[in-house]
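Here is what each chain is made of, one letter per residue.
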Amino acid sequence: MSALPDDVRAIFERFELDLPEDPPDLLVEEGPLVPRDKLLGLARALKLEAHCLFFVYCAAAHYPPGPASRIPGMGEGELPDGTLVAYRVRRLAGGRPVDVPFRVWVPTGETTPSLVPVWVGADWQEREQYDLVGTVFEGHPDLRRIMLPEDWEGHPLRKDYAIDTPHFPWR
Amino acid sequence: MPLPVPRPFQRPARGATRHVEVGGVRVPYELVVDPWPDPYLDLDAYDPDADLMPINWGPQHPSTHGVLRVKLFMDGEVCVKAVPYLGYLHRGVEKLCEKLSYAQVTPIVDKNDYVSPMMNELAINMAFEKLLGVEPPPRAQVIRTIFAEMQRVASHLLWLGTWAMDAGGALGGGATLFMYCFREREMILDLFEEVTGARFHYNTHTVGGNRHDLPGGWEEKAIRVLDHIESRLPEYEDFLRDNDIFLVRTRGVGRLDPLLAMEIGVSGPSLRASGVDHDRRRDAPYAAYDRVEVKVPVRDAGDALARYEVRMDEMRESIRIARELLQDVPAGPITALKPVKMPKAIKVATGRSAYVGIESPRGELGTFVIAQNERKTAHLPYRLKIRPPSFHAMALLPYLAPGATLSDIVVIAGSLDPILGEVDR
């Protein structure tokens, strides 16, 4: 396990993010939780200053209402229904590549800024997460379903969507 | 619309490839395109009077390498805008895996990238091992690496045969090259069958190691097969590399901007053909790749021909790595955990997540998995996300297709080596 590079840590600290120390590998493996209003600024800084040009993935996970301790680094208390969006970008410059992960909490009914203006590769990734999990990305140029038909009801990867939900005429 | 990255401003002398540093990455200057084609082009604003012809390429056309539909808007012979429609093979693998225990997921993901199933198994089990904190024994690591490299040769052989057919029926004498490639690939599948009992969907990797040990004498047999395939490779190059039709069809076709490739997340041979030297096997060694030296072939041209050259070199490199490992497979157990009798025996209840990216024949095949945080359902993954390299390669089509003719688009899409089973999942 390697530590976070100093310049990336400096960027995180400049955006006044809460950098978790316990467990020790949480920051390197899962990254800090970013408030939604700081997300675009952080993404720009990571791309232009830390040279994280490679967009690895964006993955959302649905969490029904419940304790916040289900999500590492989230703290204590109760969380409403929402999704956790995990991003990972990579710096290829200078020897061994460095992965920089970060996460965003999005309550259901609210939106999170799209990262397409920063990395064009976020386009299909965010469309996929919108389609399957239902996270709405604000500012996405073309946010429509990608895997499922346009008229599909619901988002299958949500926890309240049963695996055998019927959907005429497909199943 | 995309953020400006610092661009070079001086054109180099003709003929010479000059490299520039963009964002700290050394890329070929000639490939840097500014601006990129607009994938959200408003067709009315493009030219209200133009007589654009929409063509639905696919979903059943063989040159799409699966069931992909791309709506192409053609201005005469040249494409103006391409809109891919995915999902014809969507099976809901990620949802399905949330209802399967860690030990049961492997045979399901076998079917994602159906040309290199070994890679799917390896990627998913490595992510589970990271979540559990299990380290497979050295013998399992070496066997996994041998399987991965042989699978890479088999996958590239299939790609070579089908893509040469795409590029023109006359290349390689109709279907001759296709048949030759399949003949050699069959030898590798036979070897896998001897170990696992299955020709294709092996289900041989488990959490913590492998399920099947190598039978006696398998190593020598595998080395003989690899030697044979290596001796055949120049033959295939003679079919293509000296063929004027092939060179005209591929040289300068589908030139890929390395910055665009990085931002979209394209990896593997397609990225390395654009001059970006990045390979997970060398840069973040997993399994037994730290035991061998991995030489990474890189090309600067960025076109379909360069992608072909990178894959041909990779095949030779894979054969070399596999042979080197086959000569000295360490003895010992092949699994770190006890053989799984009850699928529910493997439990994680930390709520933590893990990401592992491996170098599959098509690029970085990643698995992002979040563990449960309740003891009751600790044997099921909470959320599983597969990062398929082909999905990212297909996201390139709206950028590479504009400006190309329909016949070139077939070559471009084929040179990216998409497998629709993992695009749609």
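Before reading further, recall that the structure is shown in the block above.
To keep things clear, this report deals only with the structure shown in the data block. (Residues numbered from 1 in each chain as written. Chains lettered and ligands numbered in written order. Predicted model: local features only at pLDDT ≥ 70, side-chain atom pairs only at ≥ 80, totals over all residues. Heavy atoms only, no water.)

**Examining helix H3 (residues 39–48) of chain A**
Within H3(A), the full set of buried residues consists of Leu39(A), Leu42(A), Ala43(A), Ala45(A), Leu46(A) and Lys47(A). Check the buried side of H3(A) and you find it contacts helix H1 (6–14), strand S4 (82–91), strand S5 (98–107) and strand S6 (111–113) of chain A together with helix H9 (258–264) of chain B. (Buried < 20%, exposed > 50% of the residue type's maximum accessible area, 1.4 Å probe, protein only. Helix = DSSP H or I, 4+ residues; strand = E, 2+ residues; numbered from the N terminus. Contact = heavy atoms within 4.5 Å.)

**Notes on the pairing of strand S5 (residues 78–85) of chain B**
Across a regular strand the side chains alternate sides, sitting on one face of the sheet and then on the other. All names here are of chain B. Taking burial as the measure, the eight residues of S5 include six buried ones, the bulk of the element. Both strand S4 (residues 69–75) and S5 contribute to a ladder of seven bridges, which runs antiparallel. Each bridged residue has a counterpart across the sheet, and for Met-74 the counterpart in S5 is Cys-79. (Pairing = 2+ DSSP bridges.)

**What about helix H7 (residues 218–241) of chain B?**
Residues and elements named next belong to chain B. For H7, built from 24 residues, the straight-helix expectation of 34 Å at 1.5 Å per residue is met to within 8% by its first-to-last C-alpha distance of 34 Å. At Arg-232, H7 is bent by approximately 25 degrees, the largest bend along its length, and proline Pro-234 sits one to four residues beyond. Here H7 has its buried residues at Trp-218, Glu-219, Ala-222, Ile-223, Val-225, Leu-226, Ile-229, Leu-233, Tyr-236 and Leu-240. Packing partners of the buried residues in H7 comprise helix H5 (138–167), helix H6 (176–196), helix H8 (244–250) and helix H12 (304–326). (Expected span 1.5 Å × (residues − 1). Bend = angle between axes of the 7 residues up to and from the residue.)

**Side note on the packing of aromatic side chains**
Scanning the entire structure with this criterion turns up 17 aromatic pairs over all chains. Plain terms: the ring middles of Tyr57(A) and Tyr355(B) are 4.8 Å apart, the flat faces sit at 40 degrees to each other, and that makes the pair tilted. Residue Tyr57(A) is found in strand S1 (residues 54–63), and its partner Tyr355(B) is found in strand S8 (residues 353–360); the two belong to separate chains. Residues Tyr57(A) and Tyr355(B) agree in their burial class; the two are buried. Seen from their ring centres, Phe147(B) and Trp218(B) are 6.0 Å apart, and the 80 degrees between their planes marks the pair as edge-to-face. Of this pair, Phe147(B) sits in helix H5 while Trp218(B) sits in helix H7, and the two are 71 residues apart along the sequence. (Phe/Tyr/Trp six-rings, centres within 6.5 Å; stacked < 30°, edge-to-face > 60°.)

**Some thoughts on the packing of H5(B) against helix H15 (residues 406–415) of chain B**
Residue and element names in this part refer to chain B. The N-to-C vectors of H5 and H15 enclose an angle of 175 degrees; their axes lie 9 Å apart at closest approach. In terms of orientation, H5 lies roughly antiparallel with respect to H15. Contacts between H5 and H15 involve Trp-159, Trp-163, Asp-166 and Ala-167 from the first element and Val-410, Val-411, Gly-414 and Ser-415 from the second. Classifying every residue of the contact of H5 with H15 gives five nonpolar, two polar and one charged. (Axes fitted to C-alpha atoms, helices over the stretch in contact; angles between N-to-C directions. Parallel < 35°, antiparallel > 145°, perpendicular 65-115°, else oblique. Nonpolar A, V, L, I, M, F, W, Y, C, P; charged D, E, K, R; others polar.)

**Quick notes on the interface of chain A and chain B**
In this complex, chain A contributes 59 residues to the contact, which on the side of chain B involves 57 residues. At the boundary of chain A and chain B, one finds seven salt bridges. A salt bridge links Glu128(A) to Arg425(B); the shortest N-O distance between them is 2.2 Å. For the pair chain A and chain B, the interface holds 22 residue pairs in polar contact (both at pLDDT 80 or more). For the side of chain A that touches chain B, the secondary-structure elements that each account for two or more residues are helix H2 (26–29), H3, S1, S4 and helix H4 (122–132) of chain A. The leading source of residues in the side of chain A that touches chain B is S1(A), at ten residues. Residue composition of the side of chain A that touches chain B, grouped by class: 36 nonpolar, seven polar and 16 charged. (Salt bridge = Lys/Arg side-chain N within 4 Å of Asp/Glu carboxyl O. Polar contact = N/O pair within 3.5 Å; in protein donor to acceptor, adjacent residues only side chain to side chain.)

**Considering the environment of Ala93(A)**
Take Ala93(A): it is sitting in the loop between S4 and S5. Ala93(A) sits in the buried class, given a relative accessible area of 13%. Between the C-alpha atom of Ala93(A) and that of Gln129(A), which follows or precedes it by 36 residues, the distance is 29 Å. Excluding residues within four positions of it along the chain, Ala93(A) makes contact with Gly23(B), Gly24(B) and Val25(B).

**What about the sheet that holds strand S10 (residues 381–387) of chain B?**
Residue and element names in this part refer to chain B. Strand order in the open sheet formed by three strands is S8-S9-S10, and the pairing between neighbours is antiparallel. Where the open sheet ends on each side, the last strands, each with one partner, are S8 and S10. Going from strand to strand, the sheet's axes swing by 15 degrees on average, the running direction of each strand aside. The pairing of strand S9 (residues 363–371) with S10 spans six bridges and is classified as antiparallel. Of the residues in S10, the one forming a bridge with Ala-371 is Pro-381.

**Side note on the pairing of S4(B)**
All names here are of chain B. Pairing between strand S3 (residues 53–57) and S4: five bridges, direction antiparallel. By the bridge assignment, Ile-55 is partnered in S4 with Leu-72. Between the end of S4 and the start of S5, which pair antiparallel, lie two residues, with Gly-76 showing a positive phi angle near 65 degrees.

**Considering the side chain of His140(A)**
All names here are of chain A. Take His-140: it is sitting in the segment after strand S7 (136–138). We classify His-140 as buried; its relative accessible area is 10%. Separated by 3.0 Å, the side chain of His-140 and the backbone oxygen of Asp-123 make a polar contact. Separated by 3.3 Å, the side chain of His-140 and the backbone nitrogen of Leu-143 make a polar contact. Discounting residues that sit within four places of it in the chain, His-140 has contacts with Ser-114, Val-116, Ala-122, Asp-123, Glu-126 and Arg-127.

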